[in-house]
Amino acid sequence: MSPEVLSTPVVDTVKTPDRAQTRAQAARRRKLFVNAVRVVLLVVVLGLWEVLSRAKVIDPFNFSMPSKIWDQIWTWVTHGTALGSVGEQIWYTLYEALLGWVIGVVAGVLLGIALGRIRLLAEVLGPYIKVLNSIPRIVLAPIFLIWFGLGPSSKVASAVVLVFFPVFFNAFQGAREVDRNLVANARILGASDRRVTLQVVIPSATSWIFTSLHVSFGFALIGAIVGEYIGATKGIGLLVSQSQNTFNAAGVYAAMVILAVVALVAEGLLTFAERRIFRWKPAGSED
């Protein structure tokens, strides 16, 4: 056998792991770690709350404790509330918040895009919108109650005014931030103002609009809850009001927990929709 054959190095046939696959595994491990830390933090906080309440370090009458809050939620789920089933109260509040959110989003997007595209309209209506935005929206809830009564209309109106402004300003800014070269190229190709708005401006502003949607649904829930708290016939806000009037701290916290779950589910659905719509965007780094 020739020396050349003997000196030929052996090629390592073991394939190096794919770099993308390695990054994906690292991202999954980080996500699991972050979720584990979140769960541990929640358990520690709830555990300390329970222990300190039972030891009377904090007043259990005013601050309640996690076990009593859970008992209150379980009682509402199994036996209902004084207003009816807890599912009915959740749906009533969710209906008001959803309807107010949809109306506020549609109005905010349409007016924001219009003022972002039409300079004269922005100059005329801009000062009025700034004045309306400076009014604390929560104080409008009693006025809406007088106008529309105890029914869902007053809560929907409260949700609309809370949702409209963040959506409007994001849509307005998104329309103003459109790449001027894209607009100029579209006009060179013969696009009308309507086609430029529909095919260039609105798609470019979609990221801005979706950013406001995450925050605005929480505002819609706040509007519905505040309206119910002031005066209503059903809803989670009325449960909070009744629990407060009877000094039932566990009932107040239980209603807050239910609202938090509803808000988290809505946030998850919005995030899912955003990822489906913006699948063309490169994945950013997750914090």
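In this report, the structure presented in the accompanying data block is examined. (Residues numbered from 1 in each chain as written. Predicted model: local features only at pLDDT ≥ 70, side-chain atom pairs only at ≥ 80, totals over all residues. Heavy atoms only, no water.)

Let us look at the overall build of the chain. Helix and strand counts for the chain come out as 12 helices and 0 strands. In sequence order, the secondary structure elements of the chain are arranged as α-α-α-α-α-α-α-α-α-α-α-α. Taken over 287 residues, the chain has a buried fraction of 34%. Considering only residue pairs separated by 6 or more positions, the chain has 74% of its internal contacts joining residues 24 or more positions apart. Working note: accessible area of the chain is about 18,300 Å², and carbon and sulfur atoms make up 68% of it. (Helix = DSSP H or I, 4+ residues; strand = E, 2+ residues; numbered from the N terminus. Buried < 20%, exposed > 50% of the residue type's maximum accessible area, 1.4 Å probe, protein only. Contact = heavy atoms within 4.5 Å. Areas by Shrake-Rupley, 256 points an atom, 1.4 Å probe, with all protein chains shown as cover.)

Attention shifts here to the packing of aromatic side chains. Evaluation of the coordinates by the stated rule reveals 12 aromatic pairs. Taken together, a centroid distance of 6.2 Å and an interplanar angle of 90 degrees make the contact between W147 and F148 edge-to-face. Both rings, one in F164 and one in F168, keep their centres 5.6 Å apart while their planes meet at 20 degrees; by these two values the pair is stacked. Taken as a pair, F164 and F168 lie in helix α8 (residues 152-176) at a separation of 4 residues, close to a single helical turn. (Phe/Tyr/Trp six-rings, centres within 6.5 Å; stacked < 30°, edge-to-face > 60°.)

It is at 8 Å that the axes of helix α7 (residues 140-148) and α8 come closest, and there the two elements cross at 145 degrees. Along this stretch, α7 crosses α8, giving a crossing that reads as right-handed. Residues L140, A141, F144, L145 and F148 of α7 touch α8, and the partners they reach there are S153, S154, K155, A157, S158 and V161. Partitioned by chemical class, the residues of the contact of α7 with α8 number 7 nonpolar, 3 polar and 1 charged. (Axes fitted to C-alpha atoms, helices over the stretch in contact; angles between N-to-C directions. Left-handed = near helix turned anticlockwise from the far one by under 90°. Nonpolar A, V, L, I, M, F, W, Y, C, P; charged D, E, K, R; others polar.)

With that out of the way, let us pick up the packing of helix α5 (residues 86-117) against α8. Interaxial distance between α5 and α8 falls to 6 Å at its minimum, and their mutual angle equals 30 degrees. The crossing of α5 and α8 is right-handed. Taken together, the residues of the contact of α5 with α8 break down into 22 nonpolar, 5 polar and 3 charged.

Moving on, we come to the nonpolar core. Counting residues in each nonpolar core, the largest one holds 21 residues, and the members touching the most others are W101 and V105. Tallying contributions element by element places helix α10 (residues 193-230) first for this core, with 8 residues. Once residues within four sequence positions are removed from consideration, V105 is found in contact with V163, V167, L213 and S216. Of all hydrophobic cores here, the second largest spans 14 residues; its members include I225, I236, A250 and A255. (Core = buried A, V, L, I, M, F, W, Y, C linked by side-chain atoms within 4.5 Å.)

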